[in-house]
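# Examining the three-dimensional arrangement
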Amino acid sequence: MPKLGMEPIRRDALIKAAIVEIGAQGSLDVSVSRIAKRAGMSAALAHHYFGSKDAMFLATMRHLLAVYGAEIRGALLACDTAEARLRAIVRVSFSGSNFRREVVASWLNFYVMAQRNDEAARLLRVYQARLRSNLRHALRPLMGARAREMAEAMAAMIDGLYLREALGTGQPDGARAVAQVQVWVDAAMTGVEQ
């Protein structure tokens, strides 16, 4: 007989184990059995909760997106200027919970999965639209008509830094990534007419 209330705990454990296994492997070439073993349960139980490896990975990305979204919302609440909002978005994009080796590997694999899986593609579009919207909102008072163009470039830069880290070695350096984006933003805003 199943223990009542265990499903959310076990699902969470499997999601966290999936992040670690994908990070260790660097790809989605991990078995549900390996993920389940890391979580301390059977592969059958993992299949019971998710149905497939793709469904487990989608749940993992929903978890990572929820963590990112909560951090963004929290950081933006503390901001009272457009520039502070912009800095907060960049800072959270490279925070310790979002910019660590196994999470970066998960993001890289998410981009690959989105090419063949409609639900992953939808989740990716939602994330990208929200990021661009937040950036445009912060940039509009600072850059006027150029806010949309600048938001697109900043989003591409954030994604590019994730890609660079996914292909690198060692632990990602969030402070360095924030500084790189900020140097570029400062240079782009110099002399902008509002």
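A short tour of the structure in this document, coming up. (Residues numbered from 1 in each chain as written. Predicted model: local features only at pLDDT ≥ 70, side-chain atom pairs only at ≥ 80, totals over all residues. Heavy atoms only, no water.)

## Some thoughts on the environment of Glu7
- You can see Glu7 is positioned in helix H1 (residues 6-25).
- What makes Glu7 partly exposed here is its relative accessible area of 41%.
- When the C-alpha positions of Glu7 and Tyr49 are compared, they lie 7.6 Å apart, and in sequence the two are 42 residues distant. (Helix = DSSP H or I, 4+ residues; strand = E, 2+ residues; numbered from the N terminus. Buried < 20%, exposed > 50% of the residue type's maximum accessible area, 1.4 Å probe, protein only.)

## Description of the packing of aromatic side chains
- For the structure shown, the criterion picks out 8 aromatic pairs.
- Aromatic pair Trp107 and Phe110: ring centres 5.6 Å apart, planes at 80 degrees, arrangement edge-to-face. Of this pair, Trp107 and Phe110 both sit in helix H6 (residues 101-113), 3 residues apart, which is roughly one turn of the helix. We note that Trp107, like Phe110, is buried.
- Measuring from ring centre to ring centre gives 6.4 Å for Trp107 and Tyr111, while their planes differ by 45 degrees; the resulting arrangement is tilted. Placement of both Trp107 and Tyr111 in helix H6 is noted, with a separation of 4 residues, approximately one turn of the helix.
- Take Trp107: its relative accessible area is 9%, and that puts it in the buried class. (Phe/Tyr/Trp six-rings, centres within 6.5 Å; stacked < 30°, edge-to-face > 60°.)

## Considering the pattern of salt bridges
- One pass over the full model with this rule turns up 14 salt bridges.
- Among the ionic pairs, Arg132 bridges to Glu152, the shortest N-O distance being 3.1 Å. With Arg132 in helix H7 (residues 118-143) and Glu152 in helix H8 (residues 147-167), this residue pair connects regions lying 20 residues apart in the sequence.
- Here Arg132 falls in the partly exposed class, since its relative accessible area comes to 24%.
- Residues joined by salt bridges that share partners form a network here, namely Arg101, Glu165, Asp173 and Arg176. (Salt bridge = Lys/Arg side-chain N within 4 Å of Asp/Glu carboxyl O.)

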